[in-house]
Every structure is written in C-alpha cells, then in structure tokens.
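# Observations on chain architecture
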Amino acid sequence: MYKNSFGKVNSIKFYFFGIIFMIGLVFLNLGCQKKQIASDDSRFVYCTEGSPSIFNPQLATDGTSFNASSQPLYNRLVTLELGTFKVKPELAESWKINAAGTEYHFKLRSGVLFHTNHGFAPQKKFSSQDVAFTFNRMLKKDHSYHKVNGGSYEYFKAMGLDKLISEVKIVSETEVVFVLKRPSATFLKNLSMDFASILSAEYAQYLTQKNSKDQMGFKPIGTGPFILTEYRKDSIIRYASFQNYYKGPAKIKDLIYAITPNSLTRFQKMQTLECDLIAEPSPVHWETLSKNPKLQTFKQDGLNVGYIAFNTKLEKFSDSRVRRALSLAMNKESYLNPIFKGEAHSTSYPVPYQFLSLEKRKHIYNPEEAKRLLKEAGQEGLKFKLWTLPVSRPYMPNGKKFGELVQQDLKKIGVEVELMTYDWPTYLSKSRAGEHEAIQMGWTSDNGDAENFLQTLLSCDAVGAGSNLAQWCNKSFDEFLNTAEAKVDDSEREALYKKSLTVFNKDQPWVPVAQSKVFRVLKKGWLGYSLNPLGTENFYPLSKAAL
Amino acid sequence: MKSWGFLFFKRVLSSLPSIFFILFLVFLLVRLLPGDPILALYGERGLSEDELLFYRKQWGFDKPLLIQFVIFFKKVILYFDWGVSTVSRTSVLVDLKNYLSATLELSLLALSWSFPLGYYLGKLSAQNVGTKIDKALSQITLFFYSIPVFWLGAVLVFLFAYTINIFPVSGRIDPFLRVDNITGFYLIDAFFSEKPFQSFLSACHHIILPALVLGTIPLAIIQKLTRVSTLQVSKDLYIQVARSKGLPEKKINSVHIAKNAFLPIFTSGGVVVASLISGAVLTETLFSWPGMGRWLVTSLLARDYFSVQAAVFFIGIIVVLTQALVDSFYGFIDPRVKS
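Since we're looking at a predicted model, the values are computed, not measured. (Residues numbered from 1 in each chain as written. Chains lettered and ligands numbered in written order. Predicted model: local features only at pLDDT ≥ 70, side-chain atom pairs only at ≥ 80, totals over all residues. Heavy atoms only, no water.)

As a further point, take the interface of chain A and chain B. Accessible area lost upon the coming together of the parts is a frequently used measure of interface size. Taken together, the contact pairs 75 residues of chain A with 76 residues of chain B. Counting the surface lost from both chain A and chain B, the interface buries some 6,600 Å², and carbon and sulfur atoms represent 57% of this. Note that Arg393(A) is salt-bridged to Glu44(B), the shortest N-O span being 3.1 Å. The interface formed by chain A and chain B contains 22 residue pairs in polar contact (both at pLDDT 80 or more). A total of eight residues in the side of chain A that touches chain B trace back to one element, the largest contributor, which is helix H2 (residues 11-32) of chain A. (Contact = heavy atoms within 4.5 Å. Buried area = accessible area lost by both parts, 1.4 Å probe. Salt bridge = Lys/Arg side-chain N within 4 Å of Asp/Glu carboxyl O. Polar contact = N/O pair within 3.5 Å; in protein donor to acceptor, adjacent residues only side chain to side chain. Helix = DSSP H or I, 4+ residues; strand = E, 2+ residues; numbered from the N terminus.)

Roughly 1,200 Å³ of internal volume is contained in the second largest pocket. If you go around the second largest pocket, you meet 42 residues; those closest to its centre are Lys157(A), Ala158(A), Gly160(A), Asp162(A) and Lys163(A). Put simply, the parts of the chain that give the lining of the second largest pocket at least two residues each are helix H5 (128-139), helix H6 (154-158), helix H7 (161-164), helix H18 (450-458) and helix H19 (475-485) of chain A together with helix H4 (49-59) of chain B. Tallied by class, the residues present in the lining of the second largest pocket amount to 12 nonpolar, 16 polar and 14 charged. (1 Å grid on protein atoms, 1.4 Å probe; cavity = no way out; pocket = protein on both sides within 12 Å on 5 of 7 lines; lining within 4 Å. Points joined across faces, edges and corners; volume = space filled by probe spheres on them. Nonpolar A, V, L, I, M, F, W, Y, C, P; charged D, E, K, R; others polar.)

Attention now moves to the sheet that holds strand S4 (residues 92-97) of chain A. All names here are of chain A. The strand order S4-S5-S7-S6 describes an open sheet built from four strands, whose pairing is antiparallel. Each end of this open sheet is capped by a strand with a single partner; those strands are S4 and strand S6 (165-172). For this sheet, the mean inter-axis angle between neighbouring strands, taken without regard to orientation, is 20°. By the bridge criterion, five bridges tie strand S5 (residues 103-108) to strand S7 (residues 175-180) in an arrangement that is antiparallel. Across the sheet, the residue bridging to lysine 107 is glutamate 175, located in S7. Packing of H5 onto the sheet brings it into contact with S5, S6 and S7, and relative to S6 it is tilted by some 165°. (Pairing = 2+ DSSP bridges. Axes fitted to C-alpha atoms, helices over the stretch in contact; angles between N-to-C directions.)

Packed helices, taken two at a time, are described by the angle their axes make and the gap between the axes. Residues and elements named next belong to chain B. Orientation of helix H12 (residues 249-267) relative to helix H15 (residues 305-333), taken along the N-to-C sense of each, is 160°, at an axis distance of 9 Å. Taken together, the axes of H12 and H15 are roughly antiparallel relative to one another. Relative to H15, the crossing made by H12 is left-handed. Of H15, the residues touching H12 (which contributes Leu263, Phe266 and Thr267) are Gln323, Val326, Phe329, Tyr330 and Ile333. Partitioned by chemical class, the residues of the contact of H12 with H15 number six nonpolar, two polar and no charged. (Parallel < 35°, antiparallel > 145°, perpendicular 65-115°, else oblique. Left-handed = near helix turned anticlockwise from the far one by under 90°.)

Here is the structure:
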C-alpha cells in the first residue's frame, strides 16, 4: 500500500547521486594520486616496526630504539667489525690495557664535533669530559643526571658494568682511563654496544641551566652522522645529514623512518617501493621479496637461538635422562621447512655456532634411544604442558605451529604434550614466576659474545630474573663461566666456554632447536649496505650508484 | 525555555557517575590482567626481583590498588595529570592529543561520505519498499554490515594499493612532505606547510582508503535506520491526512516524512560514534594510522596502564558527550518535546 503511495522510482535522482559520488571518488583518486616525486639520490625511507621509546640509548632496551638513536645520532668509543666481532676504534683512536687487565687507557679522537640542533650550539669539541659524563651518569647514583628520564640503565646493569667499573678517570682532554674492579674479558665488546653511546657533557650543562634536563632523552645531541629534525610518535622520524660529521657528511641527505608496525604492511610497502629498506621482513615473505627484480637481498646466519626450556625445578623434569630423551625425540631437521621456510639450521648448542667456532653439526634424532631413556628414568607415559611463543621472533617465527610439530614427535615415544599460551606480557610474568612446565623462548645476541648467552640464560644468577627459564643452576657450569670471565685471552676463554657446553649437553636443561638466518631487502641502486647480524642498521655508508 | 547550553550541561552532569564508573572499572580491570608493564618492557631479558621491586616502587605499582586509584584520581582531578606512559615515558595527555586528532580526522571523513549516502540509500529503500531496488540495497548493506572491517580493508589494500598501486599502502602523508603539527589534522595542517597543495593532495590520497573502509559499517547502520524510520513515519495518520488533502508527493516526502524520520537517526548518534570507534581499532591497525584505536591496542599489549586508562576513558567520554549533545539538541529538532 505504501509502496504505491510513494510512486515511481526516482531513477534520475538515484542515477545523478551515483554519478556525483563516482565522479567525486575518481576525481579525488586522480587528483590526489601522488605525483611521483622525482627519485632523489639523497633520500632514504626506512620502514621501521615501532616508535623508539627514547632517543637516549642508555635508557633503551629495544632494537627499535637503538636503530633510531644510537646508530644515526651517536658514536661509541669502539665498534665491532662486521663478521669477525673484533673490536675496532671509533671515537677512541687507540687503547692500552694494563697487565692485570683492570685499567683501560683510551686515547680519544680529536676534532669530533657534536650536533648543532634544538637551539643548542656546542662550543666545545668531543673530549674526555663527555666520556666521563656518559659513564658517570649511569654509574653514580648521586650524579645530577642519574635519575633523569626514568634513570633505568638496564643494559648497563645487565652487562654487569655497574658492578665492574670502579671509576672513570680523566687524564687529559683526549685521554681517559676506565678503572675496573676486576679483569673482564667482555669489557671492550660491551663498550661497543648501543647503550655506551657518547653523550655531550656541554649539552647536559646547557639543559641544566635551562632547567629542562628531561629534554636529554627527547631532543638528542650526539656526534653521529645524522641530526634528528622531527619525531612524531607512531608516525615518522626525520633526520638530516650532519654536515660536520667526523668521517665526512653522509651521502643520504634526508633519512626518514616511516613507522609501520604491521609486518604484512611493511612487506607490501617494500613491494610497491614505498620503502627503501624494511625492518624484520617475515620469513613468509622472503621468497616473494627475493624474486622482485627491483630489490636486492641480503642473507646471513643470524646470531640467535630458539629453544624449549624444561622447568628443572619440577619433579617430572628433574631427571636429566628425561630431558635428554625429549631432545632425542625431536626431529629438528623436519621443523626447519614449515617454521623457517628452510632459512635456518638446526642446532644443539645454546650459543650461535659463530662465537666459539663450533661445527654446524646435525642434530641426532633417535626416538628408540629416547624411549629407552624414558623407561630407565621411569617416566614412560609422561604428560606435560608446553607453552608456545605468542609473538613472532626471528628465532621462532611461528610458536604454535612449532608446538604442534613437537607434539607429534613426542607422541611417537608415548609422551603427551598439551599446548597452551598467553599473551606476551602474561607469558613473561608467569614464566618468570616459574609457572611453566616447558616453554619456548629464544635469544638474540647483544654484543657478539658467547658470554652474553650463557650468563644471561643459564647461570645461577639468572634463575630469579626470568631469563633462565629452565631454572637450572649447575655449579660446575657456573664455575666455567666465572673463570672464563676473568681471562683476557680469547682462546683460553673459548676453551672454557666449550667445556661449559659439555656440561650443558650432558644435563640438557633446554632443547636448543634452531638458529635462523637474518634477511634484509633493499631497493636496487643503493650501494654500501652491510647486514649486521646483531640487528642494528647503519645508514651512513649508503650511497646511490652512479647511473 | 531553557537554553541549549543548560540542557547539555545537565546531560553531562547526569552522566558523571557513569564516567566515574568507567574510570574506576578501567583502572581496576587493566591492573587485574595478568602480566606486568615493567616485565613486558624487558622481554626475554627478564629482571631480578630487587630491580623489579625498585621499578614497581618508582612507578607506584607496589601500593594497594585502592590507594593507587586514589592517587591517580587525585592527580586527574587536581592537575588533569593522566600519568606517563611506561613504554615511552612521555605524557599520556600529549599522546592523547596526537592520537585523538588522527582518529577524528579519519572518522569525520568516514562519516562525511557514509552519512549522506546511507541516508539517501535508506530513503530510496523505503520509497521503493518491497521492490528489487529495496532488496538489492538491503543485501548490499547487510554485506557491508556483516563483513569484518579488517578483511575488507586487507582486500582493498591488496587490490588498490598492492596490485594496482594507485593508493599508498599505509601512512598519513608522503614521507618526503613535511607538515607541522598545528591542528593535528593533516588535511588542514597541509595548508600551512611549505608545499600546501602537494601536501593536501598527498594527505587526501592517503586517507581515502582507510576512510572508505571505516565508513562501511556506519553506512549500513544509517541506511537501515533511515529505511525503518521512514517506513514507520509514512504509516502515521498525518501522512495520510496530508496525502488526502492533496499535497504533492514531493512535499510529503521532503517535509512531512523526512523531518520526522530523521529524529531516530539523529538520536542514534551515540551508536554510530561507537561503531566508528570500534571500526577504528581495526582500520588503524591495518593502515598503520596513528590513532586512538591502535594506541589502545598497543598499550594494552604492553600493559601500559596509564595509556590504556586514558584511551578507554576518552573513548568513553566521546560516546557520552555525543549522546549528551544529541539529547540536548533533540528539543530543537523536535519542537514537540520542548516543554
């Protein structure tokens, strides 16, 4: 009845509206289409995965912040040579170590300038004052900057430097001495890490006068190749080349970090060439990216280990025979294709093979022996819960799938595995509290040293911290680590760490599963890029090929 | 007659208890979740018991929940201090300002196309009730309503950005164009930049796809509401009277039906805003749009208590304010309820 009362379809109006709408869309679409900005040799877009937490690397803990701060904005006293992990001079020209290994005497580079930015124009060049300021800030609890920006020097503490350095002595403008409480083999390597970036003492003074110390973390001044010009959280970070950089200005004039948290989006942006480089491409996309003729790819064995840790405090995992049996029953080789797309190799070591010049040997898969060991230990028909990693990491891109594969393998020896997981923060705090039975986890190297893996993940000290998830405390293992720490000679250290590995393999608190490759794609035309397996990106050497 | 301002104020005042309740609930819920904001920061590295206690003390997380709430509430009331993000250590309020403007820009643009179109299609449906057009339109809006936003978004990105590449995959503006943060709306700020025209076009170009995706659900809601209310009104006796006294059909439609049919659409403003915000969570995540929705999700995943509190609270406030605005305006649109 109402239908009739409304009369005919107002077809003209419908049509008209539709057309207007379509035209509007097309117009906007065409009008707004990006006018291809002429490809400029001096611009570089890096699609990063997140916002930096702060621009002072002393206070950061994540790779994203380091890539946005320590790499473009700062320099360290020393740096690591890519590939060999040997220490190389950077802001320190040379150094001498006393016979006892407790005094490091650095001769500093002269003529290095700090950035002029954020209304600050430095009057002084880089000197021993800056080195002393940088380290005293972290070391001394009564330092006027100690508590600024939250004052949690996590990496400094994690590397044990707060307990190691006794003082930083200024000898002259260009000479500085670090006095240590005891000899430490990893001290120099630790100084190459991001958190040891050199800050400006003069800038600190300037901010104190302006009564805005907090700016130190957000309006950074460093000696690095780039100057921060704009930061919009979750959106963009903009840098300009620092014209007075001590090695000469970078070829890239405008460096842009486009913050793109979603890895699929980053992949798409790389494929459409909206980015010049993307952070952490997911293994799922490696093949497609490698086939794109407009991109160049870089691939290398990473410095990481993915593992399953057994909670050795639990009755069911207290017997090392059980843990060994479970390790033997896992066919690690068969996990590589589904989980890592083949871009990894299986491992039996808790450290990357590169560090201790270990052989890349194949894992022994022996379910028969596993059954025998279980029987011997009286744990036939073992049941346990395995927590699967809820986040994607280079060492474990797909925790759930990996869990399912392990489940199948262990079923063959009569072990029943129940899979479960929590979201990441819950996963971390519950595992720290020791609520897990078996758990997937992994680690990526901080400083290119084996000590960083063994001490952080397997030492007795680490049990309460939530990083030793096996809750494994073995006295003879710890003994080897502590002896090694005091040796300055690398070959002696290596021998001791290798001995500690035999203890590990005998006791098997974890099943180390795989060491994955790291992969980067860069737009074709850029030269000078080198992949750093430690995960940091250095854009200073990059330049466009002459066409 | 009371002024509009008074009515609005009264509405807001009467919703104060619910606003307070939102605040309390969010405060409590986010803290009752397992996981710890400090441990979440340190990830695989872990933290020793002493240090964890030290940081918990520093942030004030060691106190009983109720006392924490009183301290927090006092700061909010006295200084409008919403705390500092545990992740970025920046003021939550500064973050809020940036994210809110990004979301508003996107939502307003989404509404600007979905509202008129939805309204028009709804009317069209009602005018042709039972015909093929009505059925077709119903199917289309049902499709838009039921389709998951993230799926539609992903498909559109795949088609238009990835495959044909006529739109950018994500972002708000071409990274090489620099726009200063004045209003927070890139479409406006663009005019104050060095290259106003180019920046504006680039901002348009970046916002089209997300605005299209975000507008689909409001489009469907408004179409359905308009259809139903138009049909409802056209059954009323006064329409029959109007028709029997020989008024032209056009006039009946535009004056008598349209005006009355608009009332329920108008009052459902709160629902539309709520649907926009829930859509924004997904749309923003998909397009790396730095807005409220994405902020809420990332903060929640990091257990960034202060950011979560502020995000949920202000989203709640937006919905409450919209509803208050709608309610206080109602008297002006419908003179019958004035008294």
